[in-house]
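Examination of the molecular architecture
If you want the building blocks of each chain, they are given just below.
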Amino acid sequence: MHADDSLSFRSYGGTGHGHCHAHVQLVLPLHGMLELEIEGRGGRLDLQRAALVAPGALHVQQSQGRNRFVIVDCDASRLDEAQLEAGRQRPFFALPPAARHLLAYVEHMAQGRAQLAPAVTRQVLPLLLDAALAPGRHRREGRLQRLCERIRLAPGQDWPLARMASEAGLGLTALHAAFRRELDCSPAQWLQWQRLEWAQQRLAEGLLPLARIAQQAGYSDQSALTRAMRREFGVTPGHYRRQLQA
């Protein structure tokens, strides 16, 4: 293991300061969301999306609400030139299912510690790099990527499966297969996560009433949002907002 290699856990709050470093850094999601700007390219990290910060890349983060990420710091020699160039050109990427499963295992191994022991890191880090930076990760199906970006911009719109398939230029069966292959979930599940994440952002901002947030997030009423958040996170919208403001 290189001297600079480490695997740690980090939570972000507020707006950070722009900085860069000489090593490669992977920001891999466990819980919550993070807005990250890398060399002028902005993106949002969530349960499905991660980032690679190439050596020397100026980056700054901003977050609202609770979050937790696995941070992999490693020497650039661990990646081949094609992977480094892909990270420079397209730093944000969909996290493959295998990597998400491994992250859950890593979190369990940490048992609440901020950093894994060096001996454990030596075993886990190569596996995590291979899973996250699997060959072809930047060749994600273009049509599905465009659809996902449209939904991220407006998750509260009406997104029936027929519209999603049409936007992606796929049939319904192919749409389901693409989501399973690329994101390890159904289109409906992914849409639900995007709506909940959008609602969490608005709740954290504390500006809109709960009923308005529910409506704009795509829910029929406040009760529907409450049921969804209780089912996914075990809290109501009101309780979630109070936790952030405490």
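In this text the structure is predicted, and so the values were computed from the model without any measurement. (Residues numbered from 1 in each chain as written. Predicted model: local features only at pLDDT ≥ 70, side-chain atom pairs only at ≥ 80, totals over all residues. Heavy atoms only, no water.)

**Some remarks on the pairing of strand β1 (residues 6–10)**
Where we set the bar: We call a residue buried when its accessible area falls under 20% of the maximum for its residue type, exposed when it is over 50%, and partly exposed in between, using a 1.4 Å probe and counting protein chains only. Every helix listed is a DSSP run of H or I at least four residues long, and every strand listed is a run of E at least two residues long, numbered separately from the N terminus. Strands qualify as paired when DSSP identifies two bridges or more between them.
Across the five residues that make up β1, a large majority, four, are buried. Sheet topology places β1 next to strand β8 (residues 68–74); five bridges connect them, and they run antiparallel. Bridge pairing in β8 links serine 6 to aspartate 73.

**Some details on the sheet that holds strand β4 (residues 34–38)**
Strand pairing in a sheet relies on backbone hydrogen bonds. The paired strands run either parallel or antiparallel. Reading across the sheet, the four strands line up as β2-β7-β4-β5 and stay open at both edges, with antiparallel pairing between neighbours. Of all the strands in the sheet, just β2 (14–15) and β5 (41–45) have a single pairing partner and so form its edges. Of the strand pairs in this sheet, β4 and strand β7 (residues 59–63) are connected by four bridges, and their pairing is antiparallel. Among the inter-strand pairings, glutamate 35 is bridged to a residue of β7, identified as glutamine 62.

**Quick notes on helix α5 (residues 161–168)**
In an α-helix, one turn spans 3.6 residues; hence positions three or four apart end up facing the same way. Put simply, the rule reads: The directions considered for the arc are those from the helix axis to the C-beta atoms.
Taken residue by residue, α5 has Met164, Ala165 and Ala168 as its buried positions. Projection of α5 onto a plane perpendicular to its axis shows the buried side chains occupying an angular sector of 95°, all on one side. Of the exposed residues in α5, those oriented more than 90 degrees away from the buried face are Ala162 and Ser166. At the exit of α5 stands glycine 169, carrying a positive phi of roughly 70°.

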